[in-house]
Amino acid sequence: MAEKREQLYEGKAKRVYRTDRPGLYLVDYKDDATAFNGAKKGSIQNKGVLNNLISAVFFRLLEEKGIPTHFVEQVSDREMLVKALDIIKVEVVVRNIVAGSLSKRLGVPEGKVLTEPILEFYYKDDDLGDPMINDYHIRALGLATPAQMNRITELSLKVNKILLEYLADKNIDLVDFKLEFGVHGGELVLGDEISPDNCRFWDKVTHEKLDKDRFRRDLGKVEEAYEEIYRRLTGKSM
Ligand code: TMP
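Since the structure is predicted, the reported quantities are computational estimates derived from the model, not experimental observations.

A. Fine view of the nonpolar core. F58, L163, L167 and F201 are the most contacted members of the largest nonpolar core, which has 55 residues in total. Top contributing element to this core by residue count: helix α1 (residues 47-64), with 10 residues. Counting 5 residues, the second largest nonpolar core, distinct from the first, contains A2, L24, L26 and L81.

What follows is the structure in structure tokens.
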């Protein structure tokens, strides 16, 4: 166990606290929901609990399959203990099916299955609205080293394979998702969360959206979608 100390940071969906254990932070998942870089604000009942539990399931799975993550242990319904990371300011989006900004940007209909995964990089900067960047920006601006980007690419594609296979078994299509990485003790590890907030999950048969798009697009049944993902992953209901 670790004792919670002062708050270090509050983001849109999580708070991060120092602990009495050096190198370990406590992440507290909030019910607050935002979209469009904070322009749309709301709250999703129990989202903090569900995202904490769902992320813990995914992090345990990935660790089991050899992916280094920041996850240490779940400490309460809303909190997990994680390794403190020096965050790399590059967000990675992996896409298997066209949706969201890719559909808008290139005029390709949502739902088109891609022949291979697409990797996209975004500069992690809320004030700028996380603009898209490429390998050249990352290298020339020193956001990450080429060795780090090779490892990030390798890990992102591995995570995609693991999650695709795992979710297919739960009758879920993994449409796309966003990952963040950081460095802990010289090792590059996966950070942030893996939840309906930063993934698109569609029912394999009905293509019903089971993720934050229900909030972004005012589709209703938002809590129900998060609960449904939790239920399919764990067999338990909230
Ligand atoms: P996009 O289609 O809006 O670019 O989103 C791609 C994926 O990234 C989707 O699964 C949602 C996730 N995402 C975040 O986690 N944070 C963000 O700020 C945005 C815009 C997308």
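Moving on from the model shown.
B. The sheet that holds strand β1 (residues 4-10), seen in detail. Spatial strand order, β1-β2-β3-β7-β6: 5 strands in an open sheet with antiparallel pairing. Since the sheet does not close on itself, it has two edges, and those belong to β1 and β6 (71-74), each with one partner. The average angle at which neighbouring strand axes cross in this sheet is 30°, direction not considered. Pairing geometry for strand β2 (residues 14-19) and strand β3 (residues 24-29), over 5 bridges, is antiparallel. Of the residues in β3, the one forming a bridge with R15 is D28. Docked against the sheet, α1 engages β3, β6 and β7 (79-83), running at close to 130° with respect to β6.

C. Main features of helix α4 (residues 146-168). For α4, spanning 23 residues, the distance from its first C-alpha to its last is 33 Å, which sits close to the expected 33 Å at 1.5 Å a residue. Looking at α4, one finds that the buried residues are M149, I152, L155, S156, V159, N160, I162, L163, Y166 and L167.

D. Spotlight on the site of the ligand. The environment of the ligand is made up of V93, R95, A99, G100, S101, D176, F177, K178, N198, C199, R200 and R216. Interatomic distance of 2.6 Å between a side-chain N/O atom of S101 and an oxygen atom of the ligand. In the environment of the ligand, an oxygen atom lies 2.5 Å from a nitrogen or oxygen atom belonging to the side chain of D176. A total of 440 Å² of accessible area belongs to the ligand in isolation, and the protein chains cover 74% of it. By residue number, the principal contributor to the shell around the ligand is strand β11 (residues 172-184), which donates 3 residues. Taken together, the residues that form the shell around the ligand break down as 4 nonpolar, 3 polar and 5 charged.

E. Fine view of unusual backbone geometry. For D192, which is not glycine, the phi dihedral falls at a positive 55°. Its place among the elements puts D192 in the loop between β12 (187-190) and β13 (199-203). For D192, a relative accessible area of 15% gives the class buried. In this structure, D218 takes a positive phi of about 50° despite not being glycine. Residue position: D218 is located in the loop between α5 (213-216) and α6 (222-234).

So, how was this worked out
Each chain has its residues counted from 1, running along the sequence as written. In view of the model being predicted, local features appear only for residues whose pLDDT reaches at least 70, and side-chain atom pairs are presented and counted only at 80 or more, with totals across whole chains, interfaces and linings using the full set of residues. The side-chain values count all of the structure's non-hydrogen atoms but skip hydrogen atoms and water molecules. Only buried residues count toward a nonpolar core. Its members are Ala, Val, Leu, Ile, Met, Phe, Trp, Tyr and Cys residues joined through side-chain atoms within 4.5 Å. Residue burial is assigned from relative accessible area. The probe radius is 1.4 Å, only protein chains are included, and a residue is buried under 20% of its type maximum, exposed over 50%, and partly exposed in between. Think of it this way: any DSSP run of H or I at least four residues long counts as a helix, any run of E at least two long counts as a strand, and we number them from the N terminus. Any two strands with at least two DSSP-identified bridges between them are counted as paired. For helices, the fitted axis covers only the stretch in contact; all axes are lines through C-alpha atoms, and the angles between them, taken along N-to-C directions, range from 0 to 180 degrees. Note on definitions: a residue-residue contact is assigned when non-hydrogen atoms from the two residues lie within 4.5 Å. Expected helix span is taken as 1.5 Å per residue step, with the number of steps being one fewer than the number of residues. For this description, a residue counts as near a given molecule or strand if any of its non-hydrogen atoms is within 4 Å of it. Polar contacts, as counted here, are pairs of nitrogen or oxygen atoms within 3.5 Å of one another; within protein the pair requires one atom able to donate a hydrogen and one able to accept it, and residues that are adjacent in sequence qualify only if both atoms are side-chain atoms. Residue-level accessible areas treat just the shown protein chains as cover; the underlying method is Shrake-Rupley with a 1.4 Å probe. Classification convention: Asp, Glu, Lys, Arg as charged; Ala, Val, Leu, Ile, Met, Phe, Trp, Tyr, Cys, Pro as nonpolar; all other residues, Gly among them, as polar.

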